[in-house]
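Single-letter residue listing:
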Amino acid sequence: MIAMSEAVTDTATTPSAGQGDVVVEVIDLHKSFGSVEVLKGISTVIHRGEVVCVIGPSGSGKSTLLRCVNLLEEPTSGRVVVMGEEVTDPDCDIDRVRSNLGMVFQQFNLFPHINALQNCTIGQINVLKRPKEEASTKESAYPAQLSGGQQQRVAIARALSMDPGLMLFDEPTSALDPELVGDVLSVMRELASEGMTMIVVTHEMAFAREVADRVIFMDGGVILEEGHPDDVIGRPQEKRTIAFLQRVLDPTHVRAGEEDEAHYRRHAADHRTAGSATRDDDLTPLPGLPH
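Fair warning: this is a prediction, and the values are worked out from it, not measured in the lab.

Draft legend 1. Inspection of the packing of aromatic side chains at higher detail. For the coordinates displayed, the defined rule picks out one aromatic pair. Ring geometry for Phe217 versus Phe244: centroids 5.3 Å apart, planes at 45 degrees, classification tilted. Linking Phe217 in strand β9 (residues 214-219) with Phe244 in helix α9 (residues 239-249), this pair joins segments that are 27 residues apart in sequence. Across the pair, exposure class does not vary: Phe217 and Phe244 are buried alike. Positioned above the aromatic ring of Phe33 is the side chain of Lys31, whose terminal nitrogen or guanidinium carbon lies 4.9 Å from the ring centre.

Draft legend 2. Seen up close, the nonpolar core. Val24, Leu29, Val82, Leu166 and Ile199 are the most contacted members of the largest nonpolar core, which totals 27 residues. Counting 26 residues, the second-largest nonpolar core is a separate cluster that includes Ile55, Met188, Ala208 and Leu245.

Draft legend 3. Spotlight on unusual backbone geometry. We note that Asp28 has phi near 45 degrees; this positive angle belongs to a residue other than glycine. Mapping Asp28 onto the fold places it in strand β1 (residues 22-33). Assessed through its relative accessible area of 42%, Asp28 is described here as partly exposed. Its identity is not glycine, yet Met83 carries a phi of approximately 50 degrees, on the positive side.

Draft legend 4. Spotlight on the sheet that holds strand β4 (residues 77-82). Reading across the sheet, the four strands line up as β2-β1-β4-β5 and stay open at both edges, with antiparallel pairing between neighbours. Each having just a single partner strand, β2 (36-47) and β5 (85-86) make up the two edges of the open sheet. Taken together, the two bridges between β4 and β5 define a ladder with antiparallel strand orientation. Across the sheet, residue Val81 finds its bridge partner in β5, namely Glu86. Packed onto the sheet, helix α1 (residues 62-69) meets β1, β2 and β4 and runs at close to 120 degrees relative to β1.

Draft legend 5. Up close: α1. Burial analysis of α1 places six of its eight residues in the buried class, which makes it a mostly covered element. Looking at α1, one finds that the buried residues are Lys62, Thr64, Leu65, Leu66, Cys68 and Val69. Immediately beyond the C-terminal end of α1, within one or two residues, lies Leu71, with a positive phi of roughly 65 degrees.

Draft legend 6. Fine view of the pattern of salt bridges. According to the stated counting rule, one finds 11 salt bridges in the structure shown. Salt-bridge contacts for Arg79 lead to Glu86; the nearest nitrogen and oxygen are separated by 3.4 Å. Judged by its relative accessible area of 37%, Arg79 falls in the partly exposed class. Between Asp230 and Arg209 there is a salt bridge, and its shortest N-O distance comes to 3.4 Å. With Asp230 in helix α8 (residues 229-232) and Arg209 in helix α7 (residues 205-211), the pair connects residues that are 21 residues apart, well separated along the chain. According to the relative accessible area criterion, Asp230 is partly exposed, its value standing at 30%. In this structure Arg209 comes out as partly exposed when scored by relative accessible area, which is 40%. If you follow the salt bridges from partner to partner, you end up with Glu50, Arg214 and Glu226 in one network.

Draft legend 7. Broad picture of the pairing of strand β3 (residues 51-55). For β3, the buried fraction is high: five of the five residues fall into the buried class. By the bridge criterion, four bridges tie β3 to strand β8 (residues 198-201) in an arrangement that is parallel. Residue pairing in the sheet places Cys53 in a bridge with Val200 of β8. Here β3 runs beside β9; their pairing, made up of four bridges, is parallel. In the strand pairing of β9, Val54 is matched with Ile216.

Parameters at a glance
- Residues numbered from 1 in each chain as written.
- Predicted model: local features only at pLDDT ≥ 70, side-chain atom pairs only at ≥ 80, totals over all residues.
- Heavy atoms only, no water.
- Phe/Tyr/Trp six-rings, centres within 6.5 Å; stacked < 30°, edge-to-face > 60°.
- Helix = DSSP H or I, 4+ residues; strand = E, 2+ residues; numbered from the N terminus.
- Buried < 20%, exposed > 50% of the residue type's maximum accessible area, 1.4 Å probe, protein only.
- Lys NZ or Arg CZ within 6 Å of the ring centre and 35° of its normal.
- Core = buried A, V, L, I, M, F, W, Y, C linked by side-chain atoms within 4.5 Å.
- Pairing = 2+ DSSP bridges.
- Contact = heavy atoms within 4.5 Å.
- Axes fitted to C-alpha atoms, helices over the stretch in contact; angles between N-to-C directions.
- Salt bridge = Lys/Arg side-chain N within 4 Å of Asp/Glu carboxyl O.

In structure tokens:
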């Protein structure tokens, strides 16, 4: 168990992307909410020990993809295979599959009426049927008595207490004060260095570039660019990736209202027809980024 109060300073050394057994396979995944198609044929493979960071603008389908992996959202079509089990099969025992997955959300989602220790042991006792003494560690504070960073580290500890084979992180630092982000990222960095298979939806570009084996850039429900962090973040090829990174890495140089205009252009087709529309983001790239 990772100590809540310790900051990890070790540099992550993760296995090369593509090595090891397949842990997650996503095949032609589609997801619609009413008439709006959020995922438009996503396909990707995650290998054991791989750290994959998913980046992209809000509304691009990142969190929906993550939630489809453990069936918190039911796909409209396509297949998702997790550790050899097709979770999209109606006969799949999804609770059994989920017992080997850990998920950390944006808003902590701790049970407020029980303390940190009980938050970490409730799943072990009720799902894994471990004795209370075996599941117990320490920590008696209630969530309301903890800072946001501490609550998120408890949420990570809770997920890890189930001994998962895969960890899913849905923007785990987005609800934190800036000075608290580092503590949570240090815990995730340690997990990566220990070989934990991780899918991380994040806007933390420095973390993605340092820790990830592979970065996926999503926009408009599709994967536009995928590869090593140095390529996707350092030398992006797609015009849309360049525009996104400019907004994230140099937000003070974005003209007021430009993001709304770009969003409208990207999604105009979703409001008109089911067809596709050409994206035309006319932002000036940052120095050093291709254009």
